[in-house]
Amino acid sequence: MDKMDALREKCLSCRSCPLAATRTKVVFGVGPAPSDIVFVGEGPGQQEDLTGEPFVGAAGRLLDDMLSIIDLGRQNCYICNIVKCRPPQNRDPMPEEQDACIGFLQEQLALLQPKIVVCLGRIAAMRLIREDFRITREHGQWTQKDGIWYSALYHPSALLRDVSKRPETFADLLSLRSKAREVGCIEYKTE
Ligand code: URA
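Here the structure is a predicted model, which is why all the values come from computation and not from measurement.

Calculation criteria
Residues numbered from 1 in each chain as written. Predicted model: local features only at pLDDT ≥ 70, side-chain atom pairs only at ≥ 80, totals over all residues. Heavy atoms only, no water. Helix = DSSP H or I, 4+ residues; strand = E, 2+ residues; numbered from the N terminus. Rg over C-alpha atoms; globule rule 2.2 N^0.38 Å. Buried < 20%, exposed > 50% of the residue type's maximum accessible area, 1.4 Å probe, protein only. Contact = heavy atoms within 4.5 Å. Areas by Shrake-Rupley, 256 points an atom, 1.4 Å probe, with all protein chains shown as cover. Lys, Arg positive; Asp, Glu negative; His and termini not counted. Charge placed at Lys NZ, Arg CZ, Asp CG, Glu CD. Near = heavy atom within 4 Å. Polar contact = N/O pair within 3.5 Å; in protein donor to acceptor, adjacent residues only side chain to side chain. Patch = residues over 30% accessible without salt bridge, like charges linked within 9 Å, V, L, I, M, F, W, Y side chains within 5 Å. Salt bridge = Lys/Arg side-chain N within 4 Å of Asp/Glu carboxyl O. Expected span 1.5 Å × (residues − 1). Arc of directions from axis to C-beta.

Per the secondary structure count, the protein chain includes nine helices and five strands. Sequence-ordered secondary structure for the protein chain, helices as α and strands as β, is α-α-β-α-α-β-α-β-α-α-β-β-α-α. Taking 16 Å as the expected radius of gyration for a compact globule of 191 residues, we find that the protein chain reaches 16 Å, a close match to that expectation. Viewed in the frame of its principal axes, the protein chain has a C-alpha envelope of about 40 × 40 × 30 Å. Taking all 191 residues of the protein chain together, the buried fraction comes to 51%. Put simply, 71% of the contacts in the protein chain that link residues at least 6 apart link residues at least 24 apart. Of the roughly 9400 Å² that the protein chain leaves accessible, carbon and sulfur atoms contribute 50%. When the 25 basic and 26 acidic side-chain charges of the protein chain are each reduced to a single mean position, those positions are 2 Å apart.

What follows is the structure, given as structure tokens:
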């Protein structure tokens, strides 16, 4: 068993926070390892809880469309969440739940060795970029930490609710592709 499979096994049996009691399936994450580009959402919704796959509901279908605009897909980037179990009624994951789960993401990132981490929405951005991150003002901006480039996009659920945000997200996706080319992400190498 490789290290990612071992981490997945550990995660699937985790009972470190109350979300374990109400989950159907743990949603660990999907994609190749290593991966130069990693997307991090906030936590599983209903469809994800039922299937064990991240971003498979309506927001997930929009995420797939967003990725395809810049020639990405589930085969060439990694997709996961801050918390691996569904918060009831799709509420935001609480700080204690995030604290209980963040070690799994840290270990995933250590194994994935990404060049770029893209936060999907404010919850992931506040956890991974800066506690006082403001998604409306700072989406699409780049910041480097410990050798990894971080940015945030509006969460696909927010883009479903408010289509007026989509042009900004289109620009952010083009910026992501430029950054990925600049830092030599394997997904954009031609040979
Ligand atoms: N929203 C998220 O943040 N993550 C998912 O996996 C699905 C919806």
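Before going further, it helps to examine the site of the ligand. Near the ligand the following residues occur: Gly41, Glu42, Gly43, Glu48, Pro54, Phe55, Asn81 and His155. Residue Glu42 places a main-chain N or O atom 2.9 Å away from an oxygen atom belonging to the ligand. Contact distances for the ligand include 3.0 Å between a nitrogen atom and a backbone N or O atom of Gly43. With the chains in place, 93% of the 240 Å² that the ligand exposes on its own is no longer accessible.

Together, Ile69, Phe170 and Leu174 give the surface a local cluster of nonpolar side chains, amounting to about 240 Å² of exposed area. With respect to the secondary-structure elements, Phe170 resides in helix H9 (residues 166–182). Relative accessible area serves as the criterion here: at 43%, Phe170 is assigned to the partly exposed category.

What follows deals with H9. For H9, which comprises 17 residues, the first-to-last C-alpha distance of 24 Å matches the rise-based estimate of 24 Å (1.5 Å per residue) to within 8%. If you check which residues of H9 are buried, you get Thr169, Asp172, Leu173, Leu176, Lys179 and Ala180. Looking straight down H9, one finds its buried side chains confined to an arc of 125 degrees; they lie on one side. Structural note: H9 exposes Pro167 and Glu182 on the side pointing more than 90 degrees away from its buried face. Residues of H9 that are buried sit in contact with strand S1 (37–41), helix H4 (58–69), strand S3 (116–120), strand S5 (148–153) and helix H8 (156–161).

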